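# What the coordinates show
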Amino acid sequence: MKMISSRENALFKDLKHLAGSAQARRKAGRTLLDGVHLCQTYLQLGGAPHACIVSETALSKLEVAAICAAQPGNCIVLPDVLYGALSQVEHGVGVLFVIETPQPVLPPALSASAVLLDNLQDPGNVGSILRSAAAAGIKQVYCSSGTALCWSPKVLRAAMGAHFVLDIFEDVDLHALICDSSIAVLATSGYAKLRLYDIDLRRPVAWLLGHEGQGVADDLLALATHQVVIPHLGQVESLNVAACAAVCFFEQLRQNQV
């Protein structure tokens, strides 16, 4: 294991820049997996990190020792105070991976069930949607340029490993994607007349979900095959977009399992 103890170390400076800057992560084509669960899941699914970073205190923990043992010669140990400058997890265990950000090839057209995210800005919502999509068996996620960066640390933590079983495409022209789609595109809208439960979902569909406050943009709504609403009771104006997504995905799953 390599030990770094100085803040002036060039490698530590690079790591700190990577941890604190989305622009740096984009430029390097790398991101950080923070915490035991994400690191273990990445290894279990066959991923090989660029580097494994651990705090001195974490070395005494069995789960961290096992992760380090799986990465011989690839671990960097930091004093707790330096590790704390990299991690965004409060009271975390003390291990993170530096990984290459996946860059899947964009398919020519929509042909399998997918999720289209239009300008969703809350990392927690985006991560929750990715997690629900993976759990429902949906494999592809397309994000507009205004959507929170999927490979940011906050989205990664919220998705709990879902990234590693999804093909995620960012900075996508959703207008062109929908126009070229060979499957139905269903946009969620609180003003729609067609109920989610009244539509046949026993086929591939693309779920179009919009901004937390404004919903799907009007030009994209106009292109959707159907606009659907989730009926609800009480005085609540609408569902949170992540909750809405989960209901849609699992209604599709339910219909396909009947």
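Attention here is on the structure that accompanies the text. As the structure is a prediction and not an experimental result, all values here were calculated from the model.

What counts, and where the lines are drawn
- Residues numbered from 1 in each chain as written.
- Predicted model: local features only at pLDDT ≥ 70, side-chain atom pairs only at ≥ 80, totals over all residues.
- Heavy atoms only, no water.
- Helix = DSSP H or I, 4+ residues; strand = E, 2+ residues; numbered from the N terminus.
- Buried < 20%, exposed > 50% of the residue type's maximum accessible area, 1.4 Å probe, protein only.
- Contact = heavy atoms within 4.5 Å.
- Areas by Shrake-Rupley, 256 points an atom, 1.4 Å probe, with all protein chains shown as cover.
- Lys, Arg positive; Asp, Glu negative; His and termini not counted.
- Charge placed at Lys NZ, Arg CZ, Asp CG, Glu CD.
- Pairing = 2+ DSSP bridges.
- Right-handed = clockwise from strand over helix to strand, strands pointing away.
- Core = buried A, V, L, I, M, F, W, Y, C linked by side-chain atoms within 4.5 Å.
- Axes fitted to C-alpha atoms, helices over the stretch in contact; angles between N-to-C directions.
- Parallel < 35°, antiparallel > 145°, perpendicular 65-115°, else oblique.
- Nonpolar A, V, L, I, M, F, W, Y, C, P; charged D, E, K, R; others polar.
- Salt bridge = Lys/Arg side-chain N within 4 Å of Asp/Glu carboxyl O.

Let us now look at the overall build of the chain. On a plain count of helices and strands, the chain comes out with 10 helices and 12 strands. Oriented by its inertia axes, the alpha-carbon framework of the chain measures out at about 60 × 35 × 35 Å. Here the chain holds 258 residues, and 47% of them are scored as buried. Long-range pairs, those at least 24 residues apart, make up 77% of the contacts in the chain with a sequence separation of at least 6. For the chain, the accessible area works out to roughly 12600 Å², and carbon and sulfur atoms hold 52% of it. Computing the positive centroid from 18 side-chain charges and the negative centroid from 22, the chain places the two 4 Å apart.

This paragraph deals with the pairing of strand E7 (residues 140–143). Burial of the side chains of E7 extends over both faces: Gln140 and Tyr142 are buried on one face and Val141 and Cys143 on the other. Here four bridges tie strand E6 (residues 114–118) to E7, and the two strands are oriented parallel to one another. For leucine 116, the partnering residue across the bridge sits in E7 and is tyrosine 142. Traced from E6 through helix H6 (residues 123–135) to E7, the parallel crossover comes out right-handed. Crossover E7 to strand E8 (residues 167–169) through helix H7 (residues 153–159) is right-handed.

Our next topic: the side chain of threonine 101. You can see threonine 101 is positioned in the loop between strand E5 (95–100) and E6. Setting aside residues up to four positions removed in sequence, threonine 101 forms contacts with Gly29, Arg30, Thr31 and Trp151.

Let us now look at helix H3 (residues 36–44). All of the buried residues along H3 are Val36, Leu38, Cys39, Thr41 and Tyr42. The inward-facing, buried residues of H3 abut strand E2 (30–34), helix H4 (62–69), E5 and H7. Immediately beyond the C-terminal end of H3, within one or two residues, lies glycine 46, with a positive phi of roughly 90°.

The subject of this paragraph is the nonpolar core. In terms of nonpolar packing, the biggest core is built from 53 residues, with Ile129, Leu130, Trp207 and Phe249 touching the most fellow members. Counting residues per element, this core draws most heavily on helix H10 (residues 241–257), which supplies six residues. Formed by 18 residues, the second largest nonpolar core is a distinct cluster that contains Leu177, Ile178, Ile183 and Leu208.

How two helices pack is summed up by the angle between their axes together with the distance between the axes. The contact between H6 and H10 brings their axes to 9 Å, and the two run at 10°. Relative to H10, the element H6 lies roughly parallel. Taken together, the residues of H10 that come into contact with H6 (itself represented by Asn125, Ser128, Ile129, Ser132, Ala133 and Ala135) are Val241, Ala242, Ala245, Ala246, Phe249 and Phe250. Among the residues forming the contact of H6 with H10, the class breakdown is nine nonpolar, three polar and no charged.

Applying the stated rule across the entire model yields six salt bridges. The salt bridge involving arginine 30 is made with glutamate 100; its shortest N-O contact spans 2.9 Å. Taken together, the positions of arginine 30 in strand E2 and glutamate 100 in strand E5 put the pair 70 residues apart, joining distant regions of the chain. Here arginine 30 falls in the partly exposed class, since its relative accessible area comes to 25%.

Glancing now at the sheet that holds E5. Pairing is mixed in the open sheet, where five strands are placed in the order E1-E4-E3-E5-E2. Of all strands in the sheet, those bounded by a partner on one side alone are strand E1 (2–3) and E2. In terms of strand pairing, E2 meets E5 through five bridges, oriented antiparallel. The residue bridging aspartate 34 from the neighbouring strand is leucine 96, located in E5.

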